[in-house]
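Reading the structure
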Amino acid sequence: MRVLVTGGAGFIGSHVVEALAERGHETVVFDALLPSAHPETSRPPRPPAGQRWIVADVRDRAAVREALRGVDAVCHQAAMVGLGKDFADAPEYVGCNDLGTAVLLAEMAGSGVRDLVLAGSMVVYGEGRYECARHGVVRPGPRAAADLDAGRFEPLCPDCGAELTPGRVGEDAPADPRNVYASTKLAQEHLAAAWARASGGRAVSLRYHNVYGPGMPRDTPYAGVASFFRSSLERGEAPRVFEDGCQRRDFVHVRDVAAANAVMLEAVREREAGAFTAYNTGSGEPHTVGEMARELSRAFGGPAPTVTGEYRLGDVRHITADSGRLRAELGWRAEVGFTEGMTTFAKSPLRG
Ligand SMILES: NC(=O)c1ccc[n+]([C@@H]2O[C@H](COP(=O)([O-])OP(=O)(O)OC[C@H]3O[C@@H](n4cnc5c(N)ncnc54)[C@H](O)[C@@H]3O)[C@@H](O)[C@H]2O)c1
Ligand SMILES: [Zn+2]
């Protein structure tokens, strides 16, 4: 099979390319090498021998059309990631992620490529799943700055103000994007679903949880929390853990995410035409951000983390996945455990 991997020079995309090659597939990498993802100092090396690279933007219709020639399936990883610097970044996010996806899908519709695996994200859910002892499953809204300033980090029951128990979010949970990036990731899914219906395509979104591992970008406003901690440790500083460190996340290793993509790309052609399906892609093993920082400090041999009480508006408190659907339907499971993954990540190279 020949797969067009958009964003294939990025953190996750480059591991997808590797996983596909290991399974005997051919790839075409399509990447704009965005400066936010590839600062001048870290321009990715030239493509390995035999690999086809196209340096272009997914918003460039002619380049996309050309790239789709002879391709069996598309793995769409290209996107601007992270929370960004401030709201002024919004047009760039929407341009790269949503206009970019629309152009890609329009060209797929025109060229007869019918199989799509999209890099989705758990950010589409907003706050994860919560239960109130009296009111059952509830959906707390965004946290107020006044509560966060006062160190009240846990969302409370919107009906009675009681404390809530966080649980694992399933794919059918309603979407509730809380920031620009999250809105663009949800719009990508809606576009993919509309494309599948209109063109008889088969679309899948793998909603990754917090992905970490070798090649993760360094700490920029566009990076993930594991890379902030790693970068601090490299500078000889203690990782700075926001809030009280008890935020729950599902940290999934990039090799497992790449394998999920490869397995899904092989399976997607068997699916019903016109359908769109989302799959949580997590380790299934929730941990707190504080635990992750401690694990990294230990494995790196650096100073213990500092819990600062700072916060970022737009961050959610807890979000952990129920990835049972992906396990049940594809037999995929995360293979890299938390301690093992963090221990090797503490010493593995970052990008940029
Ligand atoms: N890293 C995570 O924890 C995480 C979690 C959930 C979802 N995702 C999704 O996974 C995908 C890959 O993310 P990543 O962490 O590898 O980020 P990354 O920044 O390392 O990779 C993204 C790549 O896409 C390219 N790109 C961006 N916009 C483009 C455009 N318009 N045209 C062509 N290329 C473009 C960038 O140059 C970069 O190489 C993204 O879609 C992201 O939303 C990532
Ligand atoms: Zn209640």
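The next thing to look at is the overall build of the protein chain. Regarding its fold elements, the protein chain presents 10 helices and 17 strands. What you see for the protein chain is a C-alpha radius of gyration of 20 Å, in line with the 20 Å of a compact globule of 352 residues. Along the first, second and third principal axes, the C-alpha atoms of the protein chain reach 55 × 45 × 40 Å. Within the protein chain, buried positions represent 51% of all 352 residues. Sequence-distant contacts, at least 24 apart, represent 83% of the contacts inside the protein chain between residues at least 6 apart.

Before going further, it helps to spend a moment on the coordination of the zinc ion (ligand 2). At 2.1 to 2.4 Å from the zinc ion (ligand 2) lie its protein donor atoms, namely Cys 132 (SG), His 135 (ND1), Cys 157 (SG) and Cys 160 (SG). Between the four donor atoms coordinating the zinc ion (ligand 2), the angles at the centre fall across 106 to 115°, so the site counts as tetrahedral. Along the chain, the residues donating to the zinc ion (ligand 2) are arranged with the sequence spacing C-x2-H-x21-C-x2-C. Taken together, the residues His 135 in the loop between strand 6 (129-132) and strand 7 (136-138) and Cys 160 in the loop between helix 4 (145-149) and strand 8 (165-169) connect sequence positions 25 residues apart. Under the relative-accessibility criterion, Cys 160 is labelled partly exposed at 31%.

Glancing now at the packing of aromatic side chains. Tallied over the full model, the rule gives three aromatic pairs. With centroids separated by 6.2 Å and ring planes inclined at 65°, the aromatic side chains of Tyr 93 and Tyr 181 adopt a geometry described as edge-to-face. With Tyr 93 in helix 3 (residues 90-111) and Tyr 181 in helix 5 (residues 180-199), this residue pair connects regions lying 88 residues apart in the sequence. Tyr 93 sits in the buried class, given a relative accessible area of 1%. Aromatic side chains Phe 251 and Phe 338 sit 6.4 Å apart centroid to centroid with 40° between the ring planes, which places their arrangement in the tilted category. One end of the pair, Phe 251, is in strand 13 (residues 251-253); the other, Phe 338, is in helix 10 (residues 338-345), and 87 residues separate them in sequence. Just as Phe 251 is buried, Phe 338 falls in that class too.

Before going further, it helps to examine the sheet that holds strand 6. Ordered by their spatial adjacency, four strands build an open sheet running 7-6-8-17, and the pairing between neighbours is mixed. If you trace the sheet from one side to the other, it starts and ends with strand 7 and strand 17 (320-321), each paired once. Here strand 6 pairs with strand 8 via three bridges, running antiparallel. Paired with Arg 129 across the strands is Gly 167, a residue of strand 8.

The subject of this paragraph is helix 3. Taking 1.5 Å of rise per residue, the 22 residues of helix 3 would be expected to cover 32 Å, and the 30 Å separating its terminal C-alpha atoms lies within 8% of that figure. In the structure, helix 3 departs most strongly from a straight axis at Gly 100, where the bend amounts to approximately 25°. In the segment just after helix 3, Gly 112 is the residue with positive phi, at about 80°.

With that out of the way, let us pick up the site of ligand 1. What surrounds ligand 1 is a group of 29 residues, the closest being Ile 12, Asp 31, His 38, Tyr 181 and Lys 185. His 38 is positioned such that a nitrogen or oxygen atom in its side chain is 2.7 Å from an oxygen atom of ligand 1. Separating an oxygen atom of ligand 1 from a backbone N or O atom of Val 211 is a distance of 3.0 Å. Across the complex, the protein chains shield 94% of the 830 Å² of accessible surface that ligand 1 would expose by itself. At the level of elements, helix 1 (11-22), strand 5 (115-121), helix 5 and strand 10 (210-212) are the ones that each hand at least two residues to the shell around ligand 1. The leading source of residues in the shell around ligand 1 is strand 5, at three residues. For the shell around ligand 1, the residue count by class is 17 nonpolar, eight polar and four charged.

This paragraph deals with the packing of helix 3 against helix 5. Axis separation between helix 3 and helix 5 bottoms out at 9 Å; the angle between their running directions is 10°. On the basis of the axis angle, helix 3 is roughly parallel to helix 5. For the crossing formed where helix 3 meets helix 5, the hand is right-handed. Seen from helix 3, the contacting residues are Ala 90, Tyr 93, Val 94, Asn 97, Asp 98, Thr 101, Ala 102, Leu 105, Met 108 and Ala 109; seen from helix 5, they are Val 180, Tyr 181, Ser 183, Thr 184, Ala 187, Gln 188, Leu 191, Ala 192, Trp 195 and Ser 199.

Cut-off values and rules
Residues numbered from 1 in each chain as written. Chains lettered and ligands numbered in written order. Predicted model: local features only at pLDDT ≥ 70, side-chain atom pairs only at ≥ 80, totals over all residues. Heavy atoms only, no water. Helix = DSSP H or I, 4+ residues; strand = E, 2+ residues; numbered from the N terminus. Rg over C-alpha atoms; globule rule 2.2 N^0.38 Å. Buried < 20%, exposed > 50% of the residue type's maximum accessible area, 1.4 Å probe, protein only. Contact = heavy atoms within 4.5 Å. Donors = N, O, S within 2.8 Å, 3.2 Å for Na, K, Ca; no water. Tetrahedral: all angles 85-135°; square planar, octahedral: opposite > 155°, others 65-115°. Phe/Tyr/Trp six-rings, centres within 6.5 Å; stacked < 30°, edge-to-face > 60°. Pairing = 2+ DSSP bridges. Expected span 1.5 Å × (residues − 1). Bend = angle between axes of the 7 residues up to and from the residue. Near = heavy atom within 4 Å. Polar contact = N/O pair within 3.5 Å; in protein donor to acceptor, adjacent residues only side chain to side chain. Areas by Shrake-Rupley, 256 points an atom, 1.4 Å probe, with all protein chains shown as cover. Nonpolar A, V, L, I, M, F, W, Y, C, P; charged D, E, K, R; others polar. Axes fitted to C-alpha atoms, helices over the stretch in contact; angles between N-to-C directions. Parallel < 35°, antiparallel > 145°, perpendicular 65-115°, else oblique. Left-handed = near helix turned anticlockwise from the far one by under 90°.

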